[in-house]
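Next come the chains, spelled out residue by residue.
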Amino acid sequence: MKMTKLRQKMLKAWAKGKRNIEKILRNKKMFKSNTVYKNRYGDEYSWIADGDAYRFEVKGDSMQYCRYGAREGNDKLDITDLVMFDPSGGPYVSLGMTIDDKPITKLSVTLNGVKAECKEFVYPGGDCQE
């Protein structure tokens with residue numbers, strides 16, 4: 001399993017006894033729910049709280065040309081267990097990024113669009129899907 005740079009920083013901080021990793025997380029791209037953002041093509045997008053998860057909504061054609069990423073080692077794309085998605089014009093969204101200061105632990109495509117599940121806290125270096 002490849003470790004992201006953020007995960008490596010968090011592990012180093014944890015090993016040095018720095019239990020507070022918020023300084024590291026502040027530099028990671030974060031989203032806030034019910035906030036409207038614009039991608040580089042001017043399409044507006046937002047994360048809408050939907051029960052225990054968040055739904056990605058975008059106005060425009062960005063999702064027609066979206067890239068999806070599967071877990072390493074999978075032969076086929078499993079839309080219920082994505083690692084990332086990247087609509088045309090952005091934003092690039094992957095596991096570990098945060099919405100309302102909670103890390104994204106699961107990405108999936110549903111009939112209502114892309115859904116992101118988040119947990120309150122993920123142990124540094126741990127698998128965010130556990």
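Up top you'll find the structure we're talking about.
As the structure is a computational prediction, the values presented were derived from the model and not from experiment.

(A) Highlighting the side chain of serine 62. Within the secondary structure layout, serine 62 lies in the loop between strand E4 (53–59) and strand E5 (67–70). In this structure, serine 62 is in contact with Asn39, Asp43, Pro87 and Ser88, ignoring residues within four places of it in sequence.

(B) Quick look at unusual backbone geometry. With omega at 5 degrees, the peptide bond leading from glycine 90 into proline 91 counts as cis. Looking at the secondary structure, you find proline 91 in the loop between strand E6 (82–86) and strand E7 (93–94). Its identity is not glycine, yet asparagine 34 carries a phi of approximately 55 degrees, on the positive side. With respect to the element layout, asparagine 34 can be found in the loop between strand E1 (30–31) and strand E2 (37–38).

(C) Quick peek at the nonpolar core. Grouped together as the largest cluster of nonpolar side chains are 17 residues, with contacts concentrated most on Phe31, Trp47, Phe85, Val93, Ile99, Ile104 and Leu107. The set of elements that each furnish at least two residues to this core consists of strand E3 (44–50), E4, E6, strand E9 (102–110) and strand E10 (113–118). Ranked by residues supplied to this core, first place goes to E10 with three residues.

(D) Expanded view of the pattern of salt bridges. In total, this model carries six salt bridges according to the counting rule given. Measuring nitrogen to oxygen at the nearest pair gives 2.1 Å for the salt bridge that ties arginine 55 to glutamate 57. Taking relative accessible area as the criterion, arginine 55 reaches 19% and is therefore assigned buried.

(E) Up close: the environment of arginine 40. Tracing the backbone through its elements, the reader meets arginine 40 in the loop between E2 and E3. Note on arginine 40: relative accessible area 64%, which makes it exposed. Counting along the chain gives 51 residues from arginine 40 to proline 91, while the straight-line C-alpha distance between them is 8.5 Å. Setting aside residues no more than four positions away along its own chain, arginine 40 makes contact with Gly89 and Gly90.

Thresholds applied
- Here the residue numbers are simple positions, counted from 1 along each chain's written sequence.
- pLDDT decides what is reported in this predicted model: residues at 70 or higher carry local features, side-chain atom pairs at 80 or more are listed and counted, and totals for whole chains, interfaces and linings draw on all residues regardless.
- With hydrogens and water excluded, all non-hydrogen atoms of the structure serve as input to the side-chain values.
- Only runs of H or I of at least four residues qualify as helices and only runs of E of at least two qualify as strands under DSSP, and these elements are numbered from the N terminus.
- Contact criterion: two residues are considered in contact whenever any of their non-hydrogen atoms come within 4.5 Å of each other.
- Definition of nonpolar core: a set of buried residues of the types Ala, Val, Leu, Ile, Met, Phe, Trp, Tyr and Cys, connected through side-chain atoms within 4.5 Å.
- Note on exposure labels: buried denotes an accessible area under 20% of the residue type's maximum, exposed denotes more than 50%, and partly exposed covers the range between, all computed with a 1.4 Å probe on protein chains only.
- Salt bridge, as used here: a side-chain nitrogen of Lys or Arg that lies within 4 Å of a carboxyl oxygen of Asp or Glu.

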